[in-house]
Amino acid sequence: MSSAEEKRELQKRLDFVGLDQEARATLRRLAPVINASLAAALGTLYKKIQSTPDTAGFFSSPAHMDSAKKRQMSHWGVVGEASYDERYVEGVRAVGAAHAHAGLDPRWYIGGYALVMENLIHAVMAANWPSRFGRGNSEKLAKEISALVKAAMLDMDYSISAYLDIQAEERRRAEEAKRVAEQAQDVALQALSDVLKGLSAGDLESRLSGELPANFARMAEDYNGSAEKLRLTLATVRHAGEEILTSTNAITQASKDLARRTEEQAQGLEESSATLHQLTQSVSGTAEGASKAASAVHVALSEARASGPVVKQAVAAMDEIERSSAEISKIIGVIDEIAFQTNLLALNAGVEAARAGEAGRGFAVVAQEVRALAQRCADAAKEIKDLISDSSRQVQAGVDLVNNAGAALSQITDRIDDINTIVNTIATEAAHQSTGLHEVNGALSRMDTLTQENSAMVQETSKRTSDLRDAVERLVTALRGFKTRSAERLTRDRQAREEENRRLVA
């Protein structure tokens, strides 16, 4: 309101209440009485305020109350001067505004004026006692009290009007603020509704605008921060889920391949176990046969060693026959020599018989017969010598053959001995192999059992892995419903943030 309007408004109120120049002059005459009794009146008022629980809390301390009391005394000084101008309006409005801002209810304000007016009226009445209570002065006393009451009512009017104006302004401001807040709330709720619709559809990239009203800026920051954290979390979970799905697919396939290979291995191991069992039985039979062969070779070696002395005896007998043949040859040589000498003697005897003539004819016949006999002996000795020579050669050949047979038998004995050693070694090794194969067969049987159990376990693991892959696939399918950045964009964003942080640090 302008200054001219304030003046016109004040004048209207003065005219309506009847505070004209005469009433103002009356107030100025009462100013000394008012000023003299004002301290006591205000003291009574503030003592009442302090003792009343509903009003005591409006003043924080005695100093606060003293300050308010001084302002009241200053204002009543203006009222006593009856200077109704802009300064008066400003002062009375300031009082009303102070009470309004302090939250003082009008009832306590009006009650306070009543207490002050009670004291002031008593003071005016006391100042006029008893001279003013005559018939001629009662009218003048009534005008003084009326002027004081009118001044107090005008003062109360302005204070309460200021109080009501301030409350009306505060209500208007509150309503305006409420309207602005509702508009801002509508804008914020609409923006929030939009992003929540996107969020319900799985869009984690939508954000609240930074241009929202100021009182919703914190909400936008909190939502955007929460959405970003949720997006980062779900994006990380999604990418991890996809990687897990890829890994579980590979593991599932590997488990299936492992189960298949384990089953094949179990079958092969079972077949190998059966084959090894047969081989064990075969080696056991071989070891038994080798043991029997070793026994037979040992018997043959014993017999061969027993034949050695017989061969040596045969060689010795042949040597004796060879010596006998040599002795016979010598004897035949002697007989041959005797036959030669006899033949020579018979020849000489024939020569001598021829010389004797008829007398030696019979002797010549004898000599002829002796000579023939000597020749037959020589021929027989020669034939015997030839026979003995042939027999000697045959005996020598037999000796050579027997010696060769002895050497061959000795070699055979040595070879049989070597064969016996080898066969014994083979029999021992075959026995060891048979024992080892029995142990290997037992270990292979246990391994076959373990492989069968492993095969069952691998099949169970494969089934569990397949179930896990299905669960991860369902999780990834659910996470794919959310709109998030790709892994490449996440990497670029992270690199950009790191670069920005390095730039800020630098």
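Structure shown above.
First, a word on what this report is: a plain description of the structure on this page. (Residues numbered from 1 in each chain as written. Predicted model: local features only at pLDDT ≥ 70, side-chain atom pairs only at ≥ 80, totals over all residues. Heavy atoms only, no water.)

## Let's talk about the overall build of the protein
From N to C terminus, the protein includes ten helices and zero strands. The secondary structure elements of the protein, listed N-terminal to C-terminal, are α-α-α-α-α-α-α-α-α-α. For 506 residues, the compact-globule estimate of 2.2 N^0.38 gives 23 Å, and the C-alpha radius of gyration of the protein, at 79 Å, exceeds that figure by more than 25%. Its C-alpha atoms give the protein principal-axis dimensions of roughly 265 × 50 × 45 Å. Here the protein holds 506 residues, and 30% of them are scored as buried. Of the contacts made within the protein by residues no fewer than 6 positions apart, 82% connect residues no fewer than 24 positions apart. Total accessible area computed for the protein in this model is approximately 31300 Å², and 57% of it derives from carbon and sulfur atoms. Between the averaged position of the 61 positive side-chain charges in the protein and that of its 71 negative side-chain charges there is a distance of 15 Å. (Helix = DSSP H or I, 4+ residues; strand = E, 2+ residues; numbered from the N terminus. Rg over C-alpha atoms; globule rule 2.2 N^0.38 Å. Buried < 20%, exposed > 50% of the residue type's maximum accessible area, 1.4 Å probe, protein only. Contact = heavy atoms within 4.5 Å. Areas by Shrake-Rupley, 256 points an atom, 1.4 Å probe, with all protein chains shown as cover. Lys, Arg positive; Asp, Glu negative; His and termini not counted. Charge placed at Lys NZ, Arg CZ, Asp CG, Glu CD.)

## Thoughts on the side chain of Thr55
Among the secondary structure elements, Thr55 is positioned in helix α3 (residues 53-56). In contact with Thr55, other than residues within four places in its own chain, are Lys48, Ile49 and Trp108.

## Topic: a nonpolar patch on the surface
Judged by side-chain polarity, Phe340, Leu344, Leu347 and Val351 come together as a nonpolar surface patch covering roughly 340 Å² of accessible area. Along the chain, the position of Val351 falls in helix α8 (residues 217-356). Taking the relative accessible area as the measure of exposure, Val351 reaches 37% and is therefore partly exposed. (Patch = residues over 30% accessible without salt bridge, like charges linked within 9 Å, V, L, I, M, F, W, Y side chains within 5 Å. Salt bridge = Lys/Arg side-chain N within 4 Å of Asp/Glu carboxyl O.)

## Topic: the side chain of Thr26
For Thr26, the location among the structural elements is in helix α2 (residues 21-51). In contact with Thr26, not counting residues within four places along its chain, are Lys143, Glu144 and Ala147.

## Some details on helix α6 (residues 106-128)
Here α6 spans 32 Å end to end across 23 residues, near enough to the 33 Å set by a 1.5 Å rise per residue. Within α6, burial applies to Tyr109, Gly112, Tyr113, Val116, Met117, Leu120, Ala123, Val124 and Asn128. (Expected span 1.5 Å × (residues − 1).)

## Some thoughts on the nonpolar core
Counting residues in each nonpolar core, the largest one holds 42 residues, and the members touching the most others are Tyr46, Trp76, Tyr84 and Tyr88. Contributions of two or more residues to this core are made by α1 (3-17), α2, α4 (62-81), α5 (86-102), α6 and α7 (138-200). Excluding residues within four positions of it along the chain, Tyr88 makes contact with Leu10, His75, Val78, Val79, Ser83, Ala151, Leu154, Asp155 and Tyr158. (Core = buried A, V, L, I, M, F, W, Y, C linked by side-chain atoms within 4.5 Å.)

## Focus: the packing of α2 against α6
Contact pair α2 / α6: the axes reach a minimum separation of 8 Å and the direction vectors enclose 140 degrees. By the criterion of interaxial angle, the relationship of α2 to α6 is oblique. With respect to the hand of their crossing, α2 and α6 are arranged in right-handed fashion. Within the contact between the two elements, α2 uses Leu30, Val33, Ile34, Ser37, Leu38, Ala41, Leu42, Thr44, Leu45 and Lys48 and α6 uses Gly112, Leu115, Val116, Asn119, Leu120, Ala123, Val124 and Ala127. When the residues that make up the contact of α2 with α6 are grouped by side-chain class, the tally is 13 nonpolar, four polar and one charged. (Axes fitted to C-alpha atoms, helices over the stretch in contact; angles between N-to-C directions. Parallel < 35°, antiparallel > 145°, perpendicular 65-115°, else oblique. Left-handed = near helix turned anticlockwise from the far one by under 90°. Nonpolar A, V, L, I, M, F, W, Y, C, P; charged D, E, K, R; others polar.)

## Comments concerning the pattern of salt bridges
Taken as a whole, this structure holds eight salt bridges when the rule is applied. With its nearest N and O atoms 3.2 Å apart, the salt bridge here joins Arg13 to Asp157. Remark: Asp157 occurs in helix α7 and Arg13 occurs in helix α1; sequence separation between them is 144 residues. Given a relative accessible area of 16%, Arg13 falls into the buried group. The partner of Lys143 in a salt bridge is Glu22, and the shortest N-O contact between them spans 3.4 Å.

## Comments concerning the packing of α2 against α7
Packed helices, taken two at a time, are described by the angle their axes make and the gap between the axes. With their axes 9 Å apart at the nearest point, α2 and α7 run at an angle of 90 degrees to one another. The angle between α2 and α7 places the two elements in the roughly perpendicular class. Between α2 and α7, the residues in contact are Glu22, Ala23, Thr26, Leu27, Arg29, Leu30 and Ile34 and Lys140, Lys143, Glu144, Ala147, Leu148 and Ala151, respectively. Of the residues in the contact of α2 with α7, the class split is seven nonpolar, one polar and five charged.

## As for the environment of Ala397
If you trace the backbone, Ala397 turns up in helix α9 (residues 361-479). For Ala397, a relative accessible area of 36% translates into the label partly exposed. Separated by 79 residues in the primary sequence, Ala397 and Met318 place their C-alpha atoms 9.8 Å from one another.

## Looking at the environment of Ala443
Looking at where Ala443 falls in the secondary structure, it is placed in helix α9. Sequence spacing of Ala443 and Ser273 is 170 residues, and the spatial spacing of their C-alpha atoms is 9.5 Å.

## A short note on the environment of Ala147
Mapped onto the elements, Ala147 comes out in helix α7. Each residue touching Ala147, except ones within four places of it in the same chain, is listed here: Leu19, Ala23, Thr26 and Leu27.

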